[in-house]
Amino acid sequence: MSSRGCGFGCYYCFRSVKFEKVRYFSARRFYDEMEYLLNRFAISRFFVLDDAFLYSKRRLVEFQEEFHARIEMNPGLSRARLFVMARPETVDEEIVDILASLNVICIQIGLQTVNPALQHYMKRSVDTLHFQRIRHWMVKHGMKLQLDVVVGLPGDSIEWMKETLRFALLLSPFSLQIKQFYLNPNTLFHRDCDQYEIEIDTAPSDFDAPYVVKAAGIDARYFDETNAFIMEQIGAYPEVLWKYLSRKKRFLSELFYRRPERATAL
């Protein structure tokens, strides 16, 4: 991690509630830890579980300078490969170029939904064309794309969910993670669950937070049809690494444990 916390405040996410104040760590500390793990345990792949890694382009340049200065002293550090998380609105072509220079090989982005009426849940207004631009910039560097989608947000519809999945697959992700909406405590959805007509599953779950089984515009038919559609797409796109978690169905691609090939041009 290069920071702790998230200031975006998505309606469903616990991180922006539990760690609302963002605390940044220096590039020096970040690479101290990476070099220790690489030199001591030969770990060369790192997932930067960090909501704020791309908050500041100037800060990212500091990481770039630190990384390349250290490679001169420790060439073995060049073997390190990073997987990072990003908000779509924090990504532009220059950012992707900098990430490539940091040996980032995969970016995980929360698509969540393309339903325009629900974008305020993520506190954004990013259009689908920007996702396509991001994908184009990534392909130039051979980067892989992982997308996250949430099923069952209040106000969604079966057709918009299908459109979200179709669009996600149009971006040719190497991995697609789909989760049924679950109610994290103390989030805005939790606080205003009556307003959003949220009902939760009362059965025991291995999640800390319960699945939402009903909400405004969301009912059993929604989940039945979306589940069937998702399973159809899983069968139609075996090259994608799927992770699908819902109340009734769980699916993890066998390919998930294999090393994916580099991205190819769209």
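Residues numbered from 1 in each chain as written. Predicted model: local features only at pLDDT ≥ 70, side-chain atom pairs only at ≥ 80, totals over all residues. Heavy atoms only, no water.

*Asks:* Can you tell me about the pairing of strand E6 (residues 144-151), naming the residues and giving the values?
*Replies:* Burial analysis of E6 places eight of its eight residues in the buried class, the great majority of the element. Of the two faces of E6, both are covered, the one formed by Lys 144, Gln 146, Asp 148 and Val 150 as well as the one formed by Leu 145, Leu 147, Val 149 and Val 151. Across six bridges, strand E5 (residues 104-112) lies against E6 in parallel orientation. Following the sheet pairing, Cys 106 is matched in E6 by Lys 144. A crossover connection joins E5 to the parallel E6 through helix H5 (residues 128-140); in handedness this β-α-β unit is right-handed. (Buried < 20%, exposed > 50% of the residue type's maximum accessible area, 1.4 Å probe, protein only. Helix = DSSP H or I, 4+ residues; strand = E, 2+ residues; numbered from the N terminus. Pairing = 2+ DSSP bridges. Right-handed = clockwise from strand over helix to strand, strands pointing away.)

*Asks:* Requested: an account of unusual backbone geometry, with residues and values cited.
*Replies:* A positive phi angle, near 70°, is found at Asn 186, a position not held by glycine. Position of Asn 186 among the secondary structure elements: in the loop between strand E7 (175-180) and helix H7 (188-191). Its identity as a non-glycine residue notwithstanding, Glu 197 has a phi of 55°, on the positive side. By the secondary structure assignment, Glu 197 is in the loop between H7 and strand E8 (199-200).

*Asks:* I'd like a description of the packing of helix H6 (residues 158-170) against helix H8 (residues 220-236), backed by residues and values.
*Replies:* Here H6 crosses H8 at 20°, and the two axes come no closer than 10 Å. By the angle between their directions, the pair H6 and H8 is classed as roughly parallel. When the axes of H6 and H8 are compared, the crossing they make is right-handed. Within the contact between the two elements, H6 uses Ile 158, Met 161, Lys 162, Leu 165, Arg 166 and Leu 169 and H8 uses Arg 221, Tyr 222, Glu 225, Thr 226, Phe 229, Ile 230 and Gln 233. Partitioning the contact of H6 with H8 into residue classes produces seven nonpolar, two polar and four charged. (Axes fitted to C-alpha atoms, helices over the stretch in contact; angles between N-to-C directions. Parallel < 35°, antiparallel > 145°, perpendicular 65-115°, else oblique. Left-handed = near helix turned anticlockwise from the far one by under 90°. Contact = heavy atoms within 4.5 Å. Nonpolar A, V, L, I, M, F, W, Y, C, P; charged D, E, K, R; others polar.)

*Asks:* I'd like a rundown of the pairing of strand E10 (residues 241-245), residues and numbers included.
*Replies:* Looking down a regular strand, the side chains alternate between one sheet face and the other. With four of its five residues buried, E10 lies for the most part within the structure. Here five bridges tie E7 to E10, and the two strands are oriented parallel to one another. Opposite Ile 178, over in E10, you have Tyr 244 as the bridge partner. Inspection of the sheet shows E10 paired to strand E11 (residues 250-252) by three bridges, in the antiparallel sense. Residue pairing for E11: Tyr 244 is matched across the bridge by Phe 251. The antiparallel pairing of E10 with E11 creates a hairpin that spans four residues between the two strands.

*Asks:* Outline the nonpolar core, listing residues and values.
*Replies:* One recurring pattern in soluble globular proteins is that nonpolar side chains are buried together. With 72 residues, the main nonpolar core has Leu 99, Leu 176 and Phe 189 as its most contacted residues. The element contributing the most residues to this core is H6, with six residues. Ignoring sequence-local partners within four residues, the contact set of Phe 189 consists of Tyr 11, Tyr 12, Tyr 121, Leu 153, Pro 154, Phe 181, Leu 183, Tyr 196 and Ile 198. Among the nonpolar cores identified, the runner-up in size contains five residues, and Phe 83, Ile 105, Phe 174 and Leu 241 belong to it. (Core = buried A, V, L, I, M, F, W, Y, C linked by side-chain atoms within 4.5 Å.)

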